[in-house]
Amino acid sequence: MIIRFMLNNMKKNLDADPADKLSDVLRDDFGLQSVNSCCNTGRCGGCTVLKDNLPVPACMVRMFSVRNSSILTYEYISTTKEFETITNVLEAMGCNFCDFCKHGKLITIYSLIMNSVPLTEKEIYEALSGNICNCTDFQTLAGAIRLAVNSIKRGKRAERK
Amino acid sequence: MLNGNDKIKFIYYTPDNVTGLLKTMNACRSYRLCFDDLNSVDIIDRTAPDTPLAKAIYPGYVPELSALKRSERLFEIGPEIKINELLKKGATVLPPILIRALTECAPPNVRNILSIGGVICAPKIRNSVFAALSILNAKAEISSYTTANLRFLVPIQQLFKEDGLDLKPGEMIIKIRIPYEDYDVDYYNEIQDKKTVITFVGTASTFRGTISVCKFAIGNWGDDIIRETEIENGLVEQKLPIPEKIIEGWTEKFANMFTEKYTSFSPYVQKSLINMFNEFLSRL
């Protein structure tokens, strides 16, 4: 079955088995190593990608539901301006993620900041509850995310001027 | 659920409208109904059980199945609507007990692909949402290609039998209808046992200082939900506030129910559920 979809803002026509998992296709067919499927049940958040700008666990998405949708992975997101601002703020605040959760958490934080502003602590906690790794203190992370939101806002204002 | 049959090469159908979907279902007879979140239901034609299960249908591209409508008396929820979308659209209109149950059923990134139809059909996560839908008197609107103009309503608890989902080949849940009612008290709590999550949900309405409606249900992992209409009816017309002695009496009756009927629960779960029932009554 030929499946047409957008991967990292590029059109793709892939002849794949519709029952294949998106995480397997992204790793095996496209060589995107940031997609780490560890639990295969959507609990760990290691394989998080953006499907139509919403964070989803790629290990729970079958190829038949990917038709005509847009998939963004860490490889694309890490090249955006906003992402650079986010990582700079997180580093400055001392939030260093481990290799197990880094990609999943950064994608979740990126989508959280891009989709809903302003953020309450409860919203941040709920959004990150899909990533089970506790390598970073939550209070520090929540503070860093709020700072990142502010610096992105400031950057946008400066651009307009 | 997906199991050993996964090695079978399925032919996938992804219809774009309801008529096409029902037509495909009618033509396939035995098929696997797939949802976004790896959940699936096998619908087997019992008149021809030897037909190989080699066709899979994905209803996610039908826009009519992803709609939320609110009329004067009821909410109509399409079974393919994603839970996060439903929570966003219905944040102010849906009953609070349903919102709580939907929020608790999965983490937010999974809720982006989880549909309410998938949740109802999946035995592992059915319990929380299913119990809430049951006490809200939700009904499933079912249609098929042969009876396209004849849509019939089935109470949500009657959708399942011992061997799984009770849908005949060609039949599809088109909508989930929830009657609009205002409840004064909503109670939701869950308890985790070794392998299971057990949910206690309750709602009640009051009228002129007495209880006019009181409903509660216990959602158990994989099994049917537990409802005790005898206790529910007994609580109706009880004057408020309920004296402690009467609460203790009802709690004792609730506790006896476990020793008589539901012995499969561990003592820890039983005690927690009794405490939850007591807390629910105290809130009235």
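Just so you know, these numbers come straight off a predicted model, no measurement behind them. (Residues numbered from 1 in each chain as written. Chains lettered and ligands numbered in written order. Predicted model: local features only at pLDDT ≥ 70, side-chain atom pairs only at ≥ 80, totals over all residues. Heavy atoms only, no water.)

Asks: Provide a residue-level description of the sheet that holds strand S14 (residues 210-219) of chain B, including the pertinent values.
Replies: All names here are of chain B. Pairing within the open sheet is antiparallel, and its three strands lie in the order S12-S13-S14. Because the sheet does not close on itself, it has two edges, and the strands there are strand S12 (185-192) and S14. Taken over all neighbouring pairs, the strand axes of this sheet differ in orientation by 10 degrees on average, direction set aside. Taken together, the eight bridges between S12 and strand S13 (residues 197-207) define a ladder with antiparallel strand orientation. Within the sheet, the bridge partner assigned to Tyr 187 lies in S13 and is Gly 202. (Pairing = 2+ DSSP bridges. Helix = DSSP H or I, 4+ residues; strand = E, 2+ residues; numbered from the N terminus. Axes fitted to C-alpha atoms, helices over the stretch in contact; angles between N-to-C directions.)

Asks: Help me get a handle on the domain arrangement of chain B, residues and values and all.
Replies: In terms of domains, chain B is made up of domain 1 (10-57), domain 2 (63-179) and domain 3 (185-282). Relative placement of domain 1 of chain B and domain 3 of chain B: their C-alpha centres are 39 Å apart. (Domains from an automatic or database assignment.)

Asks: Describe the nonpolar core, listing the residues and the values that go with them.
Replies: Membership of the largest hydrophobic core comes to 79 residues, with the highest contact counts inside it found for Leu 22 of chain A together with Ile 77, Leu 98, Leu 133, Ile 156, Ile 176 and Ile 178 of chain B. With six residues, the top contributor of residues to this core is helix H6 (residues 126-135) of chain B. Ignoring anything within four residues of it in the chain, the contact list for Ile 77 of chain B reads Ala 67, Leu 68, Leu 86, Leu 94, Leu 98, Ile 116, Lys 175, Ile 176 and Ile 178 of chain B. Grouped together as the second largest cluster of nonpolar side chains are 29 residues, Ile 107, Leu 112, Ile 124 and Ile 152 of chain A included. (Core = buried A, V, L, I, M, F, W, Y, C linked by side-chain atoms within 4.5 Å. Buried < 20%, exposed > 50% of the residue type's maximum accessible area, 1.4 Å probe, protein only. Contact = heavy atoms within 4.5 Å.)

Asks: Please provide a residue-by-residue account of a negative patch on the surface, values included.
Replies: A cluster of like negative charges, contributed by Asp 20, Asp 24, Asp 28 and Asp 29 of chain A, occupies part of the molecular surface. Mapping Asp 29 of chain A onto the fold places it in the loop between helix H1 (22-28) and strand S3 (48-51). (Patch = residues over 30% accessible without salt bridge, like charges linked within 9 Å, V, L, I, M, F, W, Y side chains within 5 Å. Areas by Shrake-Rupley, 256 points an atom, 1.4 Å probe, with all protein chains shown as cover. Salt bridge = Lys/Arg side-chain N within 4 Å of Asp/Glu carboxyl O. Lys, Arg positive; Asp, Glu negative; His and termini not counted. Charge placed at Lys NZ, Arg CZ, Asp CG, Glu CD.)

Asks: Now, about the confidence of the model for chain A: what can you tell me, with residues and values included?
Replies: For chain A, mean pLDDT is 87; residues scoring 70 or higher make up 99% of the total. Taking the mean pLDDT of every element in chain A, the minimum, 85, falls on helix H6 (residues 138-160) of chain A and the maximum, 94, on strand S5 (residues 70-72) of chain A. (pLDDT = per-residue confidence, 0-100.)

Asks: Can you tell me about the interface of chain B and chain A, naming the residues and giving the values?
Replies: Chain B puts 20 residues into the contact, and the matching count from chain A is 24 residues. Both faces combined, the contact of chain B with chain A buries some 1,900 Å², and carbon together with sulfur accounts for 58% of it. Applying the counting criterion to the chain B and chain A interface returns two salt bridges. In this structure, Glu 126 of chain A and Arg 111 of chain B form a salt bridge, with 2.6 Å as the shortest nitrogen-oxygen distance. Counting across the interface, chain B meets chain A through six residue pairs in polar contact (both at pLDDT 80 or more). The class makeup of the residues in the side of chain B that touches chain A is 11 nonpolar, four polar and five charged. (Buried area = accessible area lost by both parts, 1.4 Å probe. Polar contact = N/O pair within 3.5 Å; in protein donor to acceptor, adjacent residues only side chain to side chain. Nonpolar A, V, L, I, M, F, W, Y, C, P; charged D, E, K, R; others polar.)

Asks: So what's going on with the pattern of salt bridges? Which residues, and what values?
Replies: Residue and element names in this part refer to chain B. In total, this model carries 13 salt bridges over all chains according to the counting rule given. Between Glu 85 and Lys 89 there is a salt bridge; the shortest N-O distance is 3.2 Å. Separated by four residues within a single helix, Glu 85 and Lys 89 lie in helix H2 (residues 83-89), roughly one turn from each other. Overlapping salt bridges, with partners in common, bring together Glu 76, Glu 141, Lys 175 and Arg 177 in one network.

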